[in-house]
Structure formats: C-alpha cells, structure tokens
Amino acid sequence: MATTIRDSRGSGKTARRDAWWLQPLLTATVLTAFIIYATFRTFENDNFLPELSRNASALWESGRVGHLLSPFYSPLFLVDWQVMGYHVSPAILILPFPLSFRLTCYYYRKAYYRSFFMAPPACAVQGTTKKTYRGEQVFPFVIQNLHRFAFYAAFIFIFILAYDVVLSMKYVDGWGISLGTFVLLLNVLLLAGYTLGCHSLRHLVGGKLNCYSCSLAAKTRHGLWKKVTFLNERHALYAWVSLFGVALADLYVRFVCAGVITDWVLVKF
Ligand code: FES
C-alpha cells in the first residue's frame, strides 16, 4: 500500500526509488514554457494575420480572400484600442476563455497541483502540508467548480476555429488548401478531442439518468456517452497534444507573417 512507503519527514520525502520527480518536473517545464510563450504572443499584438503583415503582398499574390488567423487571435477583432498610448491586444479579450477552461480542467488541476504546488508531487511522496488547507471548498480554488461554464465557451471556440479553417481555403478564384489549412485543421481536431473528452460533457450527456435503455432518448445519450468516454479515457493525452497543436498553429502563422516560411498552396479547386 502507498501509505507503507510514505516518509513524513518533509516535503518531497519518500521511500520510492524510481524517478518519480521526472513527470512533475517535465509538466512544470512544459507548462511554464507554454505560459511564457502564450503571454508573449497575447501581448505582442502583431504577426497574427499574414494578410495584415509585412509579407502581405506575397499572400495577396496567392489570391486568398479569406484569412490564415492565429488561434490566439480568433475570433478576429480588427480594432485599435489605445489605453494611455498603449495599443491593447485583442487577444486579451480572447485569452480568458481557453485559459479558464484549461486552468479548471480536472486533468490540469492534477498536473499543476503536483508540479507547482507539490500537493503532493507524486503518489506516496510527501507534499506540502497546511493545517488550514480546505482544498476546493474555499476561495480561490472553489472557482475550479465553474469548470462546466468554461466548457460551454470552449465548445463554441471549436466552431469559431473550424470557421477559420474554412476561411483559410477561400481564394479569389474559388477554393484551395494550403499547408496552413492543414495546420489549422490539426489544431481544431486536437482541440475538439480535448474539449469533447471533458468530464463535464461526459456528465452532461450521460449523467442524471437511471436507465440507458428505457427510451430512444436514453439510448441516444448512452451512445454519446460512450463516445465522450472514449475521448475522456485519453483526456490527458489530448490535453498535451492540443496544447502543442495551439502553439504550433500560432507559430506557423507567426512565421508566415514574418516571411520566414511561405504558406504553400497545395491544391486549388
Ligand atoms: S475536465 Fe479537462 S477539459 Fe473538462
């Protein structure tokens, strides 16, 4: 039993001999790197729409009349707010929605409670202890219980980002698919895999039901519940790959904006 190898002398103490610290260390490193990058991009207020960038002439030559938009800046707000001479980034309006969804996610809670708060850092490893600790019953962690509301917003964002994929295919002479279209599509699929595997959605479609076979509606909900469960069982995986997917999509758009790479049009129809 885990309790038999616990050593209570202090935080991080354990009788475990394996590299238990590796996972929380990796988690902390990757999350910190993403937070730094996302914060930089949110406030950069530039290089999010190639059609507006220094490299725009090359894109107009390609004939695209839709846009290739960074997910950090979607939906697109083409506004120029100034506060005390400072140009406010529209991404600030968008960030709270995906951020609150990830921060309150059941999987991410486990990840950052372990990696950043060491509460505890791993199974059978002594964590930080506070006599007054009351978990998610009191402020600020009681806010975590609003996760289901963050889910509603995240669900809408799947459609917003999917619409961006469609817009990336609009050309003056019809439709086309560029490498950027694939990158944006990959991001949407990974985000959908993450969002649709949410514990809140699983409860929403399959919860508060005593019989799964008593009516057509109940059977339908059972079918949906099984699909959500399939994703839910892989929720940690999707949590990570979708994080990389967002960063990759944004980085791709940024490089296109800066003229570092060209968004090759692969096919027109
Ligand atoms: S539990 Fe992870 S997104 Fe809802």
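Residues numbered from 1 in each chain as written. Predicted model: local features only at pLDDT ≥ 70, side-chain atom pairs only at ≥ 80, totals over all residues. Heavy atoms only, no water.

A. Local environment of the sheet that holds strand S4 (residues 174-178). Taking strand neighbours across the sheet as the criterion, the three strands line up as S3-S4-S5 in an open arrangement whose pairing is antiparallel. The open sheet has two edge strands, strand S3 (170-171) and strand S5 (265-268), and neither has a second partner. One ladder, built from three bridges, connects S4 with S5; its direction is antiparallel. Looking at S5, one finds that Ile177 is bridged to Val267. Across the sheet, helix H7 (residues 179-195) is in contact with S4 and S5; its angle to S4 comes to roughly 75 degrees. (Pairing = 2+ DSSP bridges. Helix = DSSP H or I, 4+ residues; strand = E, 2+ residues; numbered from the N terminus. Contact = heavy atoms within 4.5 Å. Axes fitted to C-alpha atoms, helices over the stretch in contact; angles between N-to-C directions.)

B. Examining the state of the cysteines more closely. Within the structure shown, the criterion is met by one disulfide. With a sulfur-sulfur separation of 1.8 Å, Cys211 is cross-linked through a disulfide to Cys214. Residues Cys211 and Cys214 are joined through a disulfide that is right-handed, its torsion about the S-S bond being 90 degrees. A relative accessible area of 26% places Cys211 in the partly exposed class. (Disulfide = S-S within 2.5 Å. Buried < 20%, exposed > 50% of the residue type's maximum accessible area, 1.4 Å probe, protein only.)

C. Highlighting the packing of helix H6 (residues 147-167) against H7. Relative orientation of the contacting elements H6 and H7 amounts to 160 degrees, with a least axis distance of 9 Å. Classed by the angle they form, the pair H6 and H7 counts as roughly antiparallel. Our pair here, H6 against H7, has a crossing hand that is left-handed. In this structure, H6 contributes Phe151, Ala154, Phe155, Ile158, Leu161, Ala162, Asp164 and Val165 to the contact, and H7 contributes Thr181, Leu184, Leu185, Asn187, Val188, Leu191, Ala192 and Thr195. (Parallel < 35°, antiparallel > 145°, perpendicular 65-115°, else oblique. Left-handed = near helix turned anticlockwise from the far one by under 90°.)

D. Geometry of the nonpolar core. Residues Phe72, Phe101, Tyr107, Tyr108 and Tyr194 are the most contacted members of the largest nonpolar core, which totals 47 residues. Sorting the residues of this core by element identifies helix H1 (22-44), helix H5 (106-115), H6, H7, helix H8 (199-206), helix H9 (216-232) and helix H10 (235-258) as the ones contributing at least two each. By residue number, the principal contributor to this core is H10, which donates eleven residues. (Core = buried A, V, L, I, M, F, W, Y, C linked by side-chain atoms within 4.5 Å.)

E. How the structure looks around H8. Among the residues of H8, those classed as buried are Ser200, Leu201, Val205 and Gly206. Those residues of H8 that are buried lie in contact with H5, H6, H7 and H9. With its phi angle positive at about 55 degrees, Lys208 sits one or two positions after the end of H8.

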